[in-house]
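Summary of structural features
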Amino acid sequence: IEFGVQIAVGPFTKWFRPQMIVGPRMLTPEGPTLVFTVASSEYVGLMWIAQVFASEFFPRGVVIDGRQIRVDLAAMVPPGAARNLLPHLRDLSARTAPGVVLIGFDLKVEQS
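All of the points below concern the structure found in this document.

Calculation rules
Note on numbering: residues in each chain are counted from 1, in written sequence order. Reporting in this predicted model follows two pLDDT cut-offs: at least 70 for local features of residues, and 80 or more for side-chain atom pairs to be given and counted; totals over whole chains, interfaces and linings ignore these cut-offs and use all residues. Computation of side-chain values covers all heavy atoms of the structure but excludes hydrogens and water. Aromatic rings from Phe, Tyr and Trp, taking only the six-membered ring of Trp, are treated as a pair when their centres fall within 6.5 Å; an angle between ring planes under 30 degrees marks them as stacked, one over 60 as edge-to-face, and anything in between as tilted. Strands here mean DSSP runs of E at least two residues long; helices mean DSSP runs of H or I at least four residues long; both are numbered from the N terminus. Remark: exposure states derive from per-residue accessible area (1.4 Å probe, protein chains only) relative to the maximum for the residue type, with buried under 20%, exposed over 50%, and partly exposed in between. Take a side-chain nitrogen of Lys or Arg and a carboxyl oxygen of Asp or Glu: if they are within 4 Å of each other, that pair is a salt bridge. Contacts are assigned to residue pairs that have any heavy atoms within 4.5 Å of one another. One fewer than the residue count of a helix, multiplied by 1.5 Å, yields its expected span. One axis is fitted to the seven residues ending at the residue and one to the seven starting there. The bend at that residue is the angle between these axes. Each patch is assembled from residues with relative accessible area greater than 30% and no salt bridge, linking like charges that lie within 9 Å and nonpolar side chains (Val, Leu, Ile, Met, Phe, Trp, Tyr) that lie within 5 Å. Only the protein chains shown count as cover for residues, and all accessible areas are computed by the Shrake-Rupley method using a 1.4 Å probe.

1. Focus: the packing of aromatic side chains
Following the criterion strictly, the structure yields 1 aromatic pair and no others. Seen in terms of ring centroids, Phe16 and Tyr43 are 6.0 Å apart; in terms of plane orientation they differ by 80°. Their pairing is edge-to-face. Taken as a pair, Phe16 in strand 2 (residues 12–16) and Tyr43 in the loop between strand 5 (31–38) and helix 1 (44–57) lie far apart in primary sequence, 27 residues in all. With respect to class, Phe16 is no different from Tyr43; both count as buried.

2. A word on the pattern of salt bridges
Applying the stated criterion to the full structure yields 1 salt bridge. Residue Asp65 pairs with Arg70 through a salt bridge whose shortest N-O separation is 3.6 Å. When its relative accessible area of 28% is taken as the criterion, Arg70 is described as partly exposed.

3. Notes on the environment of Pro24
Take Pro24: it is sitting in the loop between strand 3 (20–22) and strand 4 (27–28). For Pro24, a relative accessible area of 52% translates into the label exposed. Separated by 72 residues in sequence, Pro24 and Thr96 place their C-alpha atoms 9.1 Å apart. Sequence-distant contacts of Pro24, that is, excluding residues within four places in its chain, are made with Leu92, Ser93 and Ala94.

4. Digging into helix 1
With 14 residues, helix 1 extends 18 Å from end C-alpha to end C-alpha; this agrees with the ideal 20 Å at 1.5 Å per step. Most pronounced at Gln51, the bend in helix 1 amounts to some 45°. Where helix 1 is concerned, the buried positions are Met47, Ala50 and Ala54. Next to the buried residues of helix 1 lie strand 5, strand 6 (62–65) and strand 7 (68–72).

5. Side note on a nonpolar patch on the surface
Nonpolar side chains collect at one region of the surface, where Trp48, Ile49, Val52, Phe53, Phe57 and Phe58 lie side by side and expose about 650 Å² of accessible area between them. As for its placement among the helices and strands, Trp48 is situated in helix 1. With relative accessibility at 58%, the residue Trp48 sits in the exposed group.

Here's what the structure looks like:
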C-alpha cells in the first residue's frame, strides 16, 4: 500500500509516498499490533530520523524500529466498549485491496 505523508518544518513542506507492506498477522504475544514495513529503500534515512523523534511526535502506541512501524492497538483504543473486547480477540489479521486496508477479527464469545 502507498502512504502519503506530509512533513512541514517552518515554511518548508515535503510530501513523501513510501510503499508499505502490511503485516498479515496482527495478534501477537504483546497484544493486537498492526505492523507496517517500509518497502521503499530510499526512505531508510527518513525512518531513522522518525525513529529518533517518534516519542515526541507520534501518539502513544506507535513505535518505529528500523523499517517497521508498529501500532499497538490496545494502547491507542480509548477506554470503553472497544477496549473491553480486546481480551476476547482470538485472531486479528490485515490485508490490502486497492485503496484500503481490510482488518478481520475473531472473538471468543462465551454463552451463559
